[in-house]
Amino acid sequence: MTADRISYRLTVNGTAHEVRDAWPHETLLHVLRFRLGLTGTKYGCELAAATVGSAITTIEGYNNPNGSLTPLQRAFVKHGALQCGYCTPGFVMSAAALIAANPELSEDDIREGMVGNLCRCTGYGRIIAAIKEAAGDGSE
Ligand code: FES
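The rules behind the values
Residues numbered from 1 in each chain as written. Predicted model: local features only at pLDDT ≥ 70, side-chain atom pairs only at ≥ 80, totals over all residues. Heavy atoms only, no water. Salt bridge = Lys/Arg side-chain N within 4 Å of Asp/Glu carboxyl O. Helix = DSSP H or I, 4+ residues; strand = E, 2+ residues; numbered from the N terminus. Expected span 1.5 Å × (residues − 1). Buried < 20%, exposed > 50% of the residue type's maximum accessible area, 1.4 Å probe, protein only. Contact = heavy atoms within 4.5 Å. Polar contact = N/O pair within 3.5 Å; in protein donor to acceptor, adjacent residues only side chain to side chain. Phe/Tyr/Trp six-rings, centres within 6.5 Å; stacked < 30°, edge-to-face > 60°. Lys NZ or Arg CZ within 6 Å of the ring centre and 35° of its normal. 1 Å grid on protein atoms, 1.4 Å probe; cavity = no way out; pocket = protein on both sides within 12 Å on 5 of 7 lines; lining within 4 Å. Points joined across faces, edges and corners; volume = space filled by probe spheres on them. Nonpolar A, V, L, I, M, F, W, Y, C, P; charged D, E, K, R; others polar.

Visitor: Tell me what's going on with the pattern of salt bridges, and back it up with residues and numbers.
Guide: Considering all chains together, one arrives at 5 salt bridges under this definition. Between Arg 9 and Glu 18 there is a salt bridge whose closest N-O contact spans 2.8 Å. A salt bridge links Lys 78 to Glu 133, with the shortest nitrogen-to-oxygen separation between them at 2.9 Å. Here Lys 78, found in helix H2 (residues 71-78), pairs with Glu 133, found in helix H5 (residues 125-137); they are 55 residues apart in sequence, far enough to count as distant. Here the salt bridges share partners, and the residues they tie into one network are Glu 107, Arg 111 and Lys 132.

In structure tokens form, the structure reads like this:
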């Protein structure tokens, strides 16, 4: 390790990863995508070193223990809530956190909770319907 670089351990999807010789200002996005090969995460994540000690879950780690789709993911498929798929990991992860925090979501709660996620393909109606169904199911 050089004087300008740092090394640290991150727990991602339940697995500990050593990040060696990283720049202190290296983004979490860069570490996840280019050092760990987890490309489901898109631009929007802040500094990787700021997350040390946190348990990070990416779309690659968001599934049932047997690897099957979660009810939220199944609802996205059922409602056709994706087209190109670029935004889908972000919507799924944000929706999972929203449902976990409040399983009794109204449509307004969902729209407000998803305000930071952008989709240029779907027009949002199908995404909202999928999240609403998953929230109503109460299993996320
Ligand atoms: Fe293409 Fe959302 S499905 S950006």
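From this point, the discussion proceeds with the structure in view.
Visitor: Describe in detail helix H3 (residues 88-101), supporting the description with residues and values.
Guide: End to end, H3 covers 20 Å across 14 residues, agreeing with the expected 20 Å (1.5 Å per residue, within 8%). When we look at burial in H3, the residues that qualify are Thr 88, Pro 89, Phe 91, Val 92, Ala 95, Ala 96, Leu 98 and Ile 99.

Visitor: Tell me about the environment of Thr 51, residues and numbers included.
Guide: Looking at the secondary structure, you find Thr 51 in the loop between helix H1 (28-35) and strand S3 (55-56). With 23 residues separating them along the chain, Thr 51 and Leu 28 place their C-alpha atoms 8.0 Å apart. Apart from residues no more than four positions distant in its own chain, Thr 51 is found in contact with Leu 10, Leu 28 and Ile 56. There is a polar contact of 2.6 Å between the side chain of Thr 51 and the backbone oxygen of Ala 48.

Visitor: Give me the lowdown on the packing of aromatic side chains, citing residues and values where you can.
Guide: How two aromatic rings sit relative to each other is set out by the distance from centre to centre and by the angle between their planes. Counting across every chain of the model gives 1 aromatic pair. Taking NZ or CZ as reference, Arg 5 lies 3.6 Å from the ring centre of Trp 23, over its face. For the cation-ring pair, Lys 42 lies above Tyr 86, with the distance from its terminal atom to the ring centre recorded as 5.4 Å.

Visitor: Can you lay out unusual backbone geometry for me, pointing to particular residues and giving the numbers?
Guide: A positive phi angle, close to 55 degrees, is found at Asn 13, a residue other than glycine. Mapped onto the elements, Asn 13 comes out in the loop between strand S1 (6-12) and strand S2 (15-22). Positive phi outside glycine occurs at Tyr 124, with the angle close to 80 degrees.

Visitor: Hey, could you go over the layout of surface pockets for me, with residue numbers and the actual values?
Guide: The computed volume of the largest pocket comes to approximately 590 Å³. Lining the largest pocket are 26 residues, and of these Lys 42, Tyr 43, Pro 89, Gly 90 and Asn 117 lie nearest its centre. At the level of secondary structure, the elements contributing two or more residues to the lining of the largest pocket comprise H1 and H3. Counting residues per element, the lining of the largest pocket draws most heavily on H3, which supplies 5 residues. Its residues assigned to classes, the lining of the largest pocket comprises 15 nonpolar, 9 polar and 2 charged.

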